[in-house]
Amino acid sequence: MSIEKIVEQALQDGYLTPAMEAEVGRICDNASELSIEEYMALDRLMGSLLTGEVMAVPRKQFINVMEELVLTEAIARVAEIEATSESSLDVGDIAAYALNRLPPLYATTEEGATYQRQRARAQLQELIAQQVNEAIARSLDRPTVGNTPVGTRNTSNEVLRQVSALLESYAPQFEQKG
């Protein structure tokens, strides 16, 4: 959507949503130079915001307490494992795996977050630990080439190099060098 269309929509609705604001910011960040029409539209939007003709809808801040609790557990467990073995684990992968299997605990205030933390520690701590342990077990079970687990984010050339190295390690005599 163009800046002009976003401003037109905001003026029509009387509101500038966070999504509209983000899109205008993205367009401005990516443009090397704005057109005179875009500058005029932005000026019109600014004037409308200042006069109250258009209201900016505030972004609501949400806290997912489960993320904090899972990260804390994952960091502690990974530190234990890495201190006592040669394994190298990705905390982000482990946290994402566990979070996908746990209920979110959102709060909009610090009081709500405190309540959610207490509730989670009392009712969900065992489940959190179980999911983090399962994520670690799955991570440790993944085959590796060098120190990099197969299947992690890599460029296509890196993936080809890893697959080649993996195949060579499993079948070193398969391809005769001419």
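Our structure's up above, just so we're on the same page.
Residues numbered from 1 in each chain as written. Predicted model: local features only at pLDDT ≥ 70, side-chain atom pairs only at ≥ 80, totals over all residues. Heavy atoms only, no water.

Q: Any chance you could break down the overall build of the chain for me, citing the residues and the numbers?
A: Looking only at helices and strands, the chain features eight helices and six strands. If you list the helices and strands of the chain from N to C, you get α-β-α-α-β-β-α-α-β-α-α-β-β-α. With an accessible surface of roughly 12,300 Å², the chain has 53% of that area assigned to carbon and sulfur atoms. (Helix = DSSP H or I, 4+ residues; strand = E, 2+ residues; numbered from the N terminus. Areas by Shrake-Rupley, 256 points an atom, 1.4 Å probe, with all protein chains shown as cover.)

Q: Provide a residue-level description of the pattern of salt bridges, including the pertinent values.
A: A complete count under the given rule lists four salt bridges for this structure. For Arg 117, the salt bridge is made with Glu 68, and the minimal N-O distance between the two is 2.8 Å. With Arg 117 in helix H6 (residues 110-123) and Glu 68 in helix H4 (residues 65-84), the pair connects residues that are 49 residues apart, well separated along the chain. For Glu 68, a relative accessible area of 31% translates into the label partly exposed. One network of salt bridges, in which partners are shared, links Glu 68, Glu 110 and Arg 117. (Salt bridge = Lys/Arg side-chain N within 4 Å of Asp/Glu carboxyl O. Buried < 20%, exposed > 50% of the residue type's maximum accessible area, 1.4 Å probe, protein only.)

Q: Tell me about the packing of helix H1 (residues 3-13) against helix H3 (residues 36-51), residues and numbers included.
A: In the contact formed by H1 and H3, the axes pass within 9 Å of each other and the chain directions differ by 25 degrees. Looking at the two axes, H1 sits roughly parallel to H3. Classified by chirality, the crossing of H3 by H1 is left-handed. For the pair H1 and H3, contact is made by Ile 3, Glu 4, Val 7, Ala 10 and Leu 11 and by Glu 37, Glu 38, Ala 41, Leu 42, Arg 44, Leu 45 and Ser 48, respectively. (Axes fitted to C-alpha atoms, helices over the stretch in contact; angles between N-to-C directions. Parallel < 35°, antiparallel > 145°, perpendicular 65-115°, else oblique. Left-handed = near helix turned anticlockwise from the far one by under 90°. Contact = heavy atoms within 4.5 Å.)

Q: With reference to specific residues and values, describe the nonpolar core.
A: Judged by nonpolar contacts, the single largest core of 22 residues is most densely connected at Met 66, Val 70, Ile 94, Ile 128, Val 132 and Ile 136. Of all the secondary-structure elements, those providing two or more residues to this core are H4, helix H5 (91-99), H6 and helix H7 (125-141). Sorting elements by how many residues they give to this core places H4 first, with seven residues. Setting aside residues up to four positions removed in sequence, Ile 128 forms contacts with Met 66, Leu 69, Val 70, Glu 73 and Leu 102. (Core = buried A, V, L, I, M, F, W, Y, C linked by side-chain atoms within 4.5 Å.)

Q: Report on a nonpolar patch on the surface, specifying residues and quantitative values.
A: A grouping of Tyr 15, Met 55 and Val 57 is seen on the molecular surface, where their side chains present a nonpolar patch of about 280 Å² in accessible area. Mapping Val 57 onto the fold places it in the loop between strand E2 (55-56) and strand E3 (63-64). (Patch = residues over 30% accessible without salt bridge, like charges linked within 9 Å, V, L, I, M, F, W, Y side chains within 5 Å.)

Q: I'd like a rundown of H6, residues and numbers included.
A: The α-helix advances 3.6 residues per turn, and as a result positions three or four apart in sequence lie on the same side. Given a rise of 1.5 Å per residue, 14 residues ought to cover 20 Å, and the 20 Å separating the end C-alpha atoms of H6 matches this to within 8%. Considered for burial, the residues of H6 that qualify are Ala 113, Gln 116, Arg 117 and Ala 120. Projected down its long axis, H6 shows its buried positions confined to an angular sector of 105 degrees, all on one face. Of the exposed residues in H6, those oriented more than 90 degrees away from the buried face are Glu 111, Tyr 115, Gln 118, Ala 122 and Gln 123. Looking at the buried side of H6, the elements it contacts are E3, H4, strand E4 (106-107) and H7. (Expected span 1.5 Å × (residues − 1). Arc of directions from axis to C-beta.)

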